[in-house]
Amino acid sequence: MVWGTKSRHERGYDSAWVKVRNQVMERDEGECQRCKRAGRTTLARAVDHIISKAKATELRWTRAKTDHPSNLEAICNPCHAIKTEAEQGKSKRVKRAAGPDGWPV
């Protein structure tokens, strides 16, 4: 879903969101949960809705259910971009990892 020119508050990212976001980042210890499930340790930069806000709207979820910590996880920027692309029906980029020598594998 493209948000256009709506402010973050108009999109539902107000002070209540900041409070929940901080709780989720603390719960997940600042680590990307998608990377963690894949055996990697990566610093999370965002908190993502597991069931997207667009899908939750289709399912007629309340804001309380959509923004509940059980529907949120800490996520790194590359994982967030890949997930968002997949949700929007765009081609999924291959995530590359660095080998011990620092070169992509």
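Each chain has its residues counted from 1, running along the sequence as written. Reporting of local features is limited, given that this is a predicted model, to residues whose pLDDT is at least 70; pairs of side-chain atoms are given and counted only at 80 or more, and all residues count toward the totals for whole chains, interfaces and linings. Working from all heavy atoms in the structure, the side-chain values ignore hydrogens and water.

Topic: the nonpolar core
Across soluble globular proteins, nonpolar side chains have a tendency to be buried as a group. In plain terms, the rule: Remark: nonpolar core denotes a set of buried residues (Ala, Val, Leu, Ile, Met, Phe, Trp, Tyr, Cys) joined through side-chain atoms within 4.5 Å. Exposure categories follow from relative accessible area, calculated using a 1.4 Å probe and restricted to protein chains: below 20% of the type maximum is buried, above 50% is exposed, and the middle band is partly exposed. Helix and strand labels come from DSSP, where a helix needs a run of H or I of at least four residues and a strand needs a run of E of at least two; each type is numbered from the N terminus. By definition, residues are in contact when any of their heavy atoms lie within 4.5 Å.
Membership of the largest hydrophobic core is limited to nine residues, which are Tyr-13, Trp-17, Val-20, Val-24, Met-25, Ala-44, Val-47, Leu-72 and Ala-74. Going through the elements one at a time, α1 (15-27) and β2 (72-75) are the ones with two or more residues in this core. Dropping the residues within four chain positions of it, Val-24 is found in contact with Val-47, Pro-69, Leu-72, Glu-73 and Ala-74. In terms of nonpolar packing, the next biggest core, distinct from the first, is built from six residues, Cys-32, Cys-35, Ala-46 and Cys-76 among them.

Section: unusual backbone geometry
Not every positive phi belongs to a glycine, and Glu-29 is a case in point at roughly 55 degrees. The residue Glu-29 is located in the loop between α1 and α2 (33-37) in this model. Accessibility expressed as a relative area gives 59% for Glu-29, which makes it exposed.

Points about α1
What counts is decided by this rule: For a helix, the expected span equals 1.5 Å multiplied by the residue count minus one. Arc definition: directions from the helix axis to the C-beta atoms.
Taking 1.5 Å of rise per residue, the 13 residues of α1 would be expected to cover 18 Å, and the 19 Å separating its terminal C-alpha atoms lies within 8% of that figure. Buried within α1 are the following residues: Trp-17, Val-20, Val-24 and Met-25. An end-on view of α1 places all buried positions within 140 degrees of arc, on one side of the element. Among the exposed residues of α1, those pointing more than 90 degrees away from its buried face are Ser-15, Lys-19 and Glu-26. In this structure, the buried residues of α1 make contact with β1 (46-49) and β2. Residue Glu-29 follows α1 closely and has a positive phi angle near 55 degrees.

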